[in-house]
Amino acid sequence: MWNCNKVSHIKYQHDYIYQIVFDDGLEGLVDFAEYLTRGPIFDALNDVALFRSARIEGGTIAWPNGADVAPETLYHKLESLIFI
């Protein structure tokens, strides 16, 4: 369950995939390809150089053009990858 956790580390992997690590230790790979068709701000991320320039801002992954993904969305994506 997401408790206002923040992204503490990101590392570009390949294509449109980043390794995301949260401050509570939850981590995994997130494929951002699904976001590339969600409007002009994300469309710009089709430029791989821009996509690779992500940084941590406001506790989540963000790009210089203003695109970002809510940390709770990322957290839930990673939680869904955990098999009990």
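On a predicted model such as this, the values are computed, not experimentally measured, just so you know.

## Description of helix H3 (residues 71-79)
Then, number 1: Residues of H3 that are buried: Pro71, Leu74, Tyr75 and Leu78. Around the axis of H3, the buried residues are gathered within 100 degrees of arc, so they sit on the same side.
Then, number 2: Along its buried surface, H3 packs onto strand S1 (7-14), strand S2 (17-22), strand S3 (27-31) and strand S5 (60-62).

## Thoughts on the packing of aromatic side chains
Then, number 1: Under the definition given, this model contains 11 aromatic pairs.
Then, number 2: On the basis of an interplanar angle of 70 degrees and a centroid distance of 6.2 Å, the ring pair of Tyr12 and Phe51 is categorised as edge-to-face. Highlighted residues: Tyr12 in strand S1 and Phe51 in helix H2 (residues 48-51), separated in sequence by 39 residues.
Then, number 3: When its relative accessible area of 19% is taken as the criterion, Tyr12 is described as buried.
Then, number 4: Taking the centre distance of 5.0 Å and the plane angle of 75 degrees together, the rings of Tyr16 and Phe51 count as edge-to-face. Residue Tyr16 is found in the loop between S1 and S2, and its partner Phe51 is found in helix H2; the two are separated by 35 residues along the sequence.
Then, number 5: Judged by relative accessible area, Tyr16 falls into the buried class, the value being 16%.

## Here's the deal with the sheet that holds S2
Then, number 1: Read across the sheet, three strands follow the order S1-S2-S3 without closing on themselves; strand pairing throughout is antiparallel. If you trace the sheet from one side to the other, it starts and ends with S1 and S3, each paired once. Taking each pair of neighbouring strands and ignoring which way they run, the sheet shows an average axis angle of 25 degrees.
Then, number 2: Of the strand pairs in this sheet, S2 and S3 are connected by five bridges, and their pairing is antiparallel. Bridge pairing in S3 places Ile17 opposite Asp31.
Then, number 3: With respect to the sheet, H3 is in contact with S1, S2 and S3, its orientation differing from that of S3 by roughly 105 degrees.

## A closer look at the side chain of Asn5
Then, number 1: Relative to the assigned elements, Asn5 resides in the segment before S1.
Then, number 2: A polar atom in the side chain of Asn5 sits 3.1 Å from the side chain of Asp23.
Then, number 3: Residue contacts for Asn5: discarding those within four places in its chain leaves Phe22, Asp23, Asp24, Pro71 and Tyr75.

Analysis parameters
- Residues numbered from 1 in each chain as written.
- Predicted model: local features only at pLDDT ≥ 70, side-chain atom pairs only at ≥ 80, totals over all residues.
- Heavy atoms only, no water.
- Buried < 20%, exposed > 50% of the residue type's maximum accessible area, 1.4 Å probe, protein only.
- Helix = DSSP H or I, 4+ residues; strand = E, 2+ residues; numbered from the N terminus.
- Arc of directions from axis to C-beta.
- Contact = heavy atoms within 4.5 Å.
- Phe/Tyr/Trp six-rings, centres within 6.5 Å; stacked < 30°, edge-to-face > 60°.
- Pairing = 2+ DSSP bridges.
- Axes fitted to C-alpha atoms, helices over the stretch in contact; angles between N-to-C directions.
- Polar contact = N/O pair within 3.5 Å; in protein donor to acceptor, adjacent residues only side chain to side chain.

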